[in-house]
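Descriptive analysis of the structure
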Amino acid sequence: DVKVTQSSRYLVKRTGEKVFLECVQDMDHENMFWYRQDPGLGLRLIYFSYDVKMKEKGDIPEGYSVSREKKERFSLILESASTNQTSMYLCASRINRGNNSPLHFGNGTRLTVT
Amino acid sequence: AQSVTQLGSHVSVSEGALVLLRCNYSSSVPPYLFWYVQYPNQGLQLLLKYTTGATLVKGINGFEAEFKKSETSFHLTKPSAHMSDAAEYFCAVRTNTGTASKLTFGTGTRLQVTL
């Protein structure tokens with residue numbers, strides 16, 4: 001079974017802090033994704049990575065950056081956290097084989113910025 | 001660009017009643033469509049997917065969905081709701097970016113099941 005692990009379930013940070021959200025998958029998947037989930041807005045793609053050291057902006061990349069130094073790990077970075085980044089963050093991975101391989105999600109990190 | 005619309009942010013049904021969650025898509029190419037479910041305090045898990053072939057797709061937990069090209073719809077159904085079906089459900093469409101495909105999600109429908 002694929003396991004996608006997000007290092008923290010809950011985080012509370014102050015405005016202006018630099019925040020790291022970590023995600024690790026154990027199935028050698030090429031593609032990894034970061035989404036944020038907000039009530040009434042569903043999931044919105046922040047960034048994704050199709051392979052090691054590769055990254056692409058998603059639909060809402062502003063205020064975020066990412067790092068993919070190793071295949072199993074994909075980090076989301078908030079350079080200077082703001083209150084509008086309070087949200088649930090979901091990491092996902094998939095094998096890069098055709099168009100029908102599903103996403104596998106972690107359990108999410110609920111970030112509160114005060 | 002591909003997009004997904006889920007009609008109804010909240011749906012309430014009685015236990016044993018039919019579940020119908022609506023999803024309409026917009027796509028300029030033949031779509032790949034997915035339904036995911038999210039239980040409280042968990043990530044999303046795949047319920048079912050449509051890629052090509054048979055338009056009626058069966059998934060886990062007794063759910064199924066029918067791809068109707070003429071209606072651009074992919075509605076999720078279950079004949080008889082169970083209390084354990086209470087969750088949030090997301091419809092999604094695959095988008096190709098040229099480097100890697102990604103999923104575009106709808107805004108979700110929260111299903112409540114009452115006694």
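Residue indices begin from 1 for each chain and proceed along its sequence in written order. To label them, take the chains in the order written and letter them from A, then take the ligands in the order written and number them from 1. Residue-level local features of this predicted model are given only where pLDDT is at least 70; pairs of side-chain atoms are given and counted only at 80 or more, and the full residue set underlies all totals for whole chains, interfaces and linings. Hydrogens are left out, water is left out, and the side-chain values use all remaining heavy atoms of the structure.

Secondary structure assignment for chain B yields zero helices and 11 strands. The numbering of helices and of strands both runs from the N terminus, where a helix is a DSSP run of H or I of at least 4 residues and a strand a run of E of at least 2. When the helices and strands of chain B are placed in sequence order, the string is β-β-β-β-β-β-β-β-β-β-β. Compactness check: chain B gives a C-alpha radius of gyration of 14 Å against a globular reference of 13 Å for 115 residues, within 12% of the reference. Dimensions of chain B along its principal axes, counting C-alpha atoms only, are 45 × 30 × 20 Å. Each residue is placed in one exposure class: buried if its accessible area under a 1.4 Å probe, protein chains only, is under 20% of its type's maximum, exposed if it is over 50%, and partly exposed if it falls in between. Taking all 115 residues of chain B together, 46% fall into the buried category. Counting only contacts in chain B whose residues sit at least 6 apart along the sequence, the fraction spanning at least 24 positions is 55%. To get the radius of gyration, use the C-alpha atoms; to get the globule rule, take the number of residues to the power 0.38 and multiply by 2.2 Å. By definition in these notes, contact holds between two residues if any of their heavy atoms fall within 4.5 Å.

Okay, the pattern of salt bridges next. Two side chains bearing opposite charge may form a pair once their charged atoms approach each other closely. Residues and elements named next belong to chain A. The term salt bridge refers to a side-chain nitrogen of Lys or Arg lying within 4 Å of a carboxyl oxygen of Asp or Glu. Counted under the stated rule, the structure contains nine salt bridges over all chains. A salt bridge links D38 to R36, with the nearest nitrogen and oxygen atoms 2.8 Å apart. One salt bridge in this structure joins E69 and K53, with 2.4 Å as the shortest N-O distance. Pair noted here: E69 is in strand β7 (residues 64–70) and K53 is in the loop between β5 (42–49) and β6 (56–57), with a separation of 16 residues, a long-range link. Looking at E69, the relative accessible area reads 52%, which means it is exposed. The network of salt bridges with shared partners includes R36, D38 and R44.

Another point: the nonpolar core. Within this scheme, the nonpolar core is defined by two criteria: the residues are buried Ala, Val, Leu, Ile, Met, Phe, Trp, Tyr or Cys, and they are joined through side-chain atoms within 4.5 Å. Counting 26 residues, the largest nonpolar core has W35, L47, L48, F74, L76 and Y89 of chain B as the members making the most contacts within it. Among the elements of the structure, β3 (19–26), β4 (33–38), β5 (44–50), β7 (64–68), β8 (73–78), β9 (87–96) and β11 (109–114) of chain B are those that each provide at least two residues to this core. In this structure F74 of chain B touches C23, L33, F34, W35, L48, K49, Y50, A65, E66 and F67 of chain B, once residues within four positions along its chain are discounted. Within the second largest apolar cluster, 20 residues are counted, among which are C23, W34, Y64 and F74 of chain A.

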